[in-house]
Amino acid sequence: MTSSLLWAVDVYGRVYSLSTAGGRWERSKDKVLELKKLGAVKQCCWGIGCDNQLYLNVNPSDVAIRFQEETYENQRWNPLEGFTDTLLPTDRWPWTDEAGLNPQPLHSFQLPSESWEWEGDWFVHDETCGRPSTGTGGWEYAVDFPTSFSKDKKWNSCVRRRRWLRNRRYKAFGSWSKIPLDRGRPPPQPFIDISCGGHLMGNNSEKRLYLWAVSQQGRVWFRSGIEHLKPEGCHWEEMAGPGEVAQVSCGPGDLLWAVLWDGQLLVRRGISSERPKGSSWTVVEPPKKNLGAAHVSVGMYVVWAVTKDNKVWFRRGVNSHNPCGSGWINISGEMLMVSVGPNDQVWGVGSEDRTIYFRKGVTASQVTGSGWTPVLAQWDSSRPPDGQPSHDFSGEMTDSSQGSVLGLADSPAGPESPPPKATIPKITSDSFISALVSDRECTIKPAGGAPPTTLPTDALPEEGASTGDEEVPLTPSEAPSPKTPGVDPWSNVDLEEEAKGRRPAGPEGAAPQQASVATFPLDLPEGEERPPWAWVSGGGCVLTSDTRIGWLESPEDKTSSLPLSMTPAHATAEKKKEATDELTFEKSVSVTKGQLRWWRDWLPHQWEHAGLALEQAQSEPTRREDFLYLYYTENNEKKFLCIPISEVTALVPKFKESLYCFAVYTSERTRQRWPLLLSTHTHQDLQQWLSLLGESCCLSRGIVGRPSEQALWAVTSKGDIMVHEPPPNLEAPTPNPACDNMFWYQVPGHLHTVECNSLAVVWGIGYDGTAWVYTGHGEASAEADSKDQQHLQVDVRSMFIYENQRWNPVTGYRDKGLPLDRHMWSDVSGLRECTKASTKPPSPQWTWVTDWAIDYSAPEGADKEGWQYAADFTAAYTGNKTLKDFVRRRRWVRKCKIELPSPWVEVPPIPLSDITILPCLAKSSMEQVPLWAISERGDVLCRLGVTRDNPAGNSWLHVGTDQPFRSISIGGGHQVWAIARDNSVFYRGSVSAQNPAGDCWYHIPSPPKQDLKQLSVGRTSVYAVDMNGNLWYRQGVTPSYPQGTVWELISNNVSKVTVGPLDQVWIIAERVPGCPSEGAGVVCHRAGVQPMLPKGQSWEFGIGGWQHLSVRGNSQEPPRAPARSPQPPRAQKQVNGNIVA
């Protein structure tokens, strides 16, 4: 990596630079120059002098800067003289530019400034590469001036021209040169602040630099035309603003911020490579309303600010699409100013010690870094040549205590009075000694043996220190050698007294000091203490996260040798800072960015390239404020979407158009049925984003570790396992629907069905019927998490498509249907076309394990070729052909497999089709948890030995039946209900903890003309779903008569139902009324369920895409309002001011 420079200015206006390849501060060669502020990039550095004029320092380069001036000599032919420079009145001037619109005689060209010099004289340009022309003389001919020119002279060539060139070279590399005023333009007002940047804006190969400045009247100026061949730029242009600006900062990209005198902040909008000046200003409130901003610094994608109380702030959410950002976060440390580098590295000047600090740990993801570290660089030992006077003050301090002009005892009131607080001058003048010692008195002994000069003072001598004209001996390191010519002696300046400073060590016999002071050299010899800094510019210092620079190593790494630039007072301050940092929480912001594709839900409905950024901020140890940003472009206008992570309710993997997709739901987007759909390039990227966003969502809600015992478990239509941690008021009536605000997060694994209860027993069934038990409950530790992920879960799923044919009187059955018929290859509904080639696995995690084959085991039966017959495609199918069957279909099957690590353990060997666990109350305890299941063959099973510590149980107990079953559920009081495959309903009697299998089955009548397919039993409620999607409630269920009396219709549009231990009712709805675009499987909650109203009142619709839900672990009762007394309140009486009954 090539070296770059860090620029800084001390309080005396002296300019220093520090190279990343070196380790020493180097002072500017121009000793007389005094600057106030700097603005640097890698190529150059701009500065404002004490005269408020602008200066430029171009870094030395191997490539010279040469600019070529050009002008055109024009002539017209006449019959007498031939070609001559005597032109017609309507012609162009004899010397013009190429277009002929502006006169440009040779003598009108002047050097832009003293930093340029001419290289040779004017010459004619032709094919001889700049050498004097021979032959043609470089002329080009044409019929008239507006037409095109050629080098061939013809009979009708009446005009000609030739191009003259002259080169000028920039010679002021590595030195400061004043920028001249614009010619022909009114001069701008004196400047008080500058900032340069914009060189990384756009994708064009030609990079330009733009300079912004602020005048004393608070006006903003823009300097254009700065490029490699024109480092000084062209001219100034005033930019109107909403107020008086005090400071401006321009980043390497398209970000520009400014600070008003009242502390408010301005953001320039509309900046681009085509419009570098932007379009408008936007006001941004400062971090603190009562304390406005004092300084702002802009990087490529970050904005840092300093308020008037010297607190440091970081602006969140800043991007070229969102230049205003979204909020402020306080960063530790107190700075006078900060400067952001090209890679968003941050530098600052401490408000107390005036030391330059570097923000360590800043990377592309950790944008705020981890802490401040001082810049520990040594000083350049250069001196003026012998015989040349130094421009700095050269003198020897006498008649004062060692190392200080004014000690703690030097106050007019005596040693006991509080010491005066010295101020650090901001900038120097031609004579800065008066600014340093102002109203103090000291004796100065000039160099060369001149007699001492006494200055008036009111200072009292320190206790134990010598007085009068007696010289105080200096330490060997302080005393200048009288034999060394041209070396300036020391000047001791008390810059700032600290109330509890440490005394620097003095030589033997030296008087003890009562103040910790800083001793500063005026010509900065090697090994001397650094001056107090006033400004730093890191815009030209290019650092990366892996760059190792010696002068950026933290003081902890150099404890063996304390640098000379660290005084004992600073060391004490560092120790105090370290002790404070141990007790102070370091706030941080991290950003993860990526490029994805985003589905535009409005016209045109299509995939768009977009940028995604997750900004994670931790302002308190237990508080996170994360945001998800989506940046896109619409009609060449940059726009963005901002979603607080705390509002995200679900991250659901999707599979659309063979892409790796996932949907981001919020409560508002759930109500609108409009999730944010994103697509990644690879499956690995999809998993990384899901993991990162899921972790951020959980941490924002304080969800750590494994799911709780009260959690709601669900399975999506793709088999992903989702969990919701219910709040205590989930079942309580609230103004906002509970389903809209439910947060679902994913648990590793893949299932078809999942059931749970409040005793940490969770079972699941895969698509291939394999039973799985969740082992994630227990102690939350890294070892447990690692152990949970060691299990390999394998699931096999069958994919079905249907081949459809219609009978034709001529050809018989063929794959040519009527215009209104379904597709000849479709899904079971016939609404979607599904061919062998277009049918894909559920997600890229699945892999095919078989080829397509005819399925002869269709539920309705099939003939020997696998065909099913019906009168029409919408009618019922059978396996036998009749004369009235005009259509037929057959099912094709292909199996796919998925393998993934998960916290699920297989329970062999019987494949299951349904499972149910006893829903328990929160404080209940039992030796064994009743668990019933139905095998794939329809056998009823009871699991023995299931406990909290052994959720997998020990063995299966077969429960006798006279026919196969399809659904089963156990509720409060060990009520076991089941549905047989012939759609008849049964109740198992005498089931108890002592008799877990019960005695016999009791037949329960089904609803009239309805066939039930699934049921769920709660504490006292029994609900069932029929084949037509109707939800039924069993009335009259009591402990004395658990079979109930009659079925009552509650609702339609139901796919599955689950009843919790408190009789709460949740369903999976087939669709959302009024939202045809919403997919099947919508989570719905029955509102208004109470002991006196078990059927509830209405439905609350939630997220879609679910196929199974279990709320049988949620036993948290909603908070109840205090009961009111039936008697009216009595009026209280007061006697002598006291309340009496």
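Keep in mind that what you see is a predicted model, and the values were worked out from it rather than measured. (Residues numbered from 1 in each chain as written. Predicted model: local features only at pLDDT ≥ 70, side-chain atom pairs only at ≥ 80, totals over all residues. Heavy atoms only, no water.)

J.: How would you explain the nonpolar core if you had to name every residue and give the values?
T.: Grouped together as the largest cluster of nonpolar side chains are 38 residues, with contacts concentrated most on Phe662, Leu678, Trp713 and Trp904. For this core, the element with the highest residue contribution is helix α4 (residues 683-700), accounting for six residues. Counting 33 residues, the second-largest nonpolar core is a separate cluster that includes Trp763, Leu912, Ile915 and Ala997. (Core = buried A, V, L, I, M, F, W, Y, C linked by side-chain atoms within 4.5 Å. Buried < 20%, exposed > 50% of the residue type's maximum accessible area, 1.4 Å probe, protein only. Helix = DSSP H or I, 4+ residues; strand = E, 2+ residues; numbered from the N terminus.)

J.: Before we move on, can you summarise unusual backbone geometry with the specific residues and values?
T.: Cis rather than trans, the peptide bond between leucine 603 and proline 604 has omega equal to -5 degrees. If you trace the backbone, proline 604 turns up in the loop between β34 (588-599) and β35 (607-618). Residues proline 908 and proline 909 are joined by a peptide bond in cis, for which omega reads 0 degrees. Looking at the element boundaries, proline 909 is found in the loop between β54 (904-907) and β55 (912-917). One non-glycine residue, serine 990, adopts positive backbone phi at about 65 degrees. One can find serine 990 in the loop between β61 (985-989) and β62 (1000-1004). Even without glycine at this site, lysine 1009 takes up a positive phi of about 55 degrees.

J.: Quick rundown of the sheet that holds strand β60 (residues 975-980)? Include the residues and the values.
T.: Judged by pairing direction, the sheet is antiparallel, and its four strands sit side by side in the order β59-β60-β61-β62 without closing on themselves. What marks the edges here is a single partner per strand, and that holds for β59 (965-971) and β62. Across this sheet, the average inter-strand angle for adjacent strands is 25 degrees, counted without regard to direction. In this sheet, β60 lies alongside β59 in antiparallel orientation, the contact comprising six bridges. Bridge pairing in β60 links isoleucine 970 to valine 976. (Pairing = 2+ DSSP bridges. Axes fitted to C-alpha atoms, helices over the stretch in contact; angles between N-to-C directions.)

J.: Before we move on, can you summarise the confidence of the model for the chain with the specific residues and values?
T.: Per-residue confidence for the chain gives a mean pLDDT of 81; residues scoring 70 or more make up 79%. Here residues 382-527 is a poorly scored stretch, pLDDT under 50, and it has 246 contacts once near neighbours within four places are set aside; other chains count. In this model, residues 575-583 is a region of pLDDT below 50 whose contacts with residues beyond four sequence positions or in other chains number four contacts. (pLDDT = per-residue confidence, 0-100. Contact = heavy atoms within 4.5 Å.)

J.: Explain the environment of histidine 1003 to me, and be specific about the residues and the numbers.
T.: You can see histidine 1003 is positioned in strand β62. Considered as a pair, histidine 1003 and arginine 988 are 15 residues apart in the sequence and their alpha carbons are 9.0 Å apart. Not counting residues within four places of it along the chain, the set of residues in contact with histidine 1003 comprises Ser984, Val985 and Phe986.

J.: Describe in detail the pattern of salt bridges, supporting the description with residues and values.
T.: This structure, assessed with the given rule, holds 37 salt bridges. Two residues, arginine 161 and glutamate 140, come together in a salt bridge whose shortest N-O distance is 3.2 Å. Placement of arginine 161 in strand β12 (residues 159-170) and of glutamate 140 in strand β11 (residues 139-142) is noted, with a sequence separation of 21 residues between them. Under the relative-accessibility criterion, arginine 161 is labelled buried at 10%. The exposure class of glutamate 140 is partly exposed, given its relative accessible area of 22%. With its nearest N and O atoms 3.7 Å apart, the salt bridge here joins arginine 219 to glutamate 238. Taken together, the residues arginine 219 in the loop between β15 (209-215) and β16 (220-226) and glutamate 238 in strand β17 (residues 235-239) connect sequence positions 19 residues apart. Through salt bridges with shared partners, a single ionic network connects Arg66, Glu117, Glu119 and Arg169. (Salt bridge = Lys/Arg side-chain N within 4 Å of Asp/Glu carboxyl O.)

J.: Tell me about the packing of aromatic side chains, and please be specific about residues and values.
T.: Taken as a whole and assessed by the stated rule, the structure comprises 44 aromatic pairs. Taken together, a centroid distance of 5.9 Å and an interplanar angle of 55 degrees make the contact between tryptophan 848 and tryptophan 852 tilted. For the pair phenylalanine 965 and phenylalanine 986, a centre-to-centre distance of 5.5 Å together with 25 degrees between the ring planes defines the contact as stacked. Of this pair, phenylalanine 965 sits in strand β59 while phenylalanine 986 is found in strand β61, placing the two residues 21 residues apart along the sequence. We classify phenylalanine 986 as buried; its relative accessible area is 10%. (Phe/Tyr/Trp six-rings, centres within 6.5 Å; stacked < 30°, edge-to-face > 60°.)

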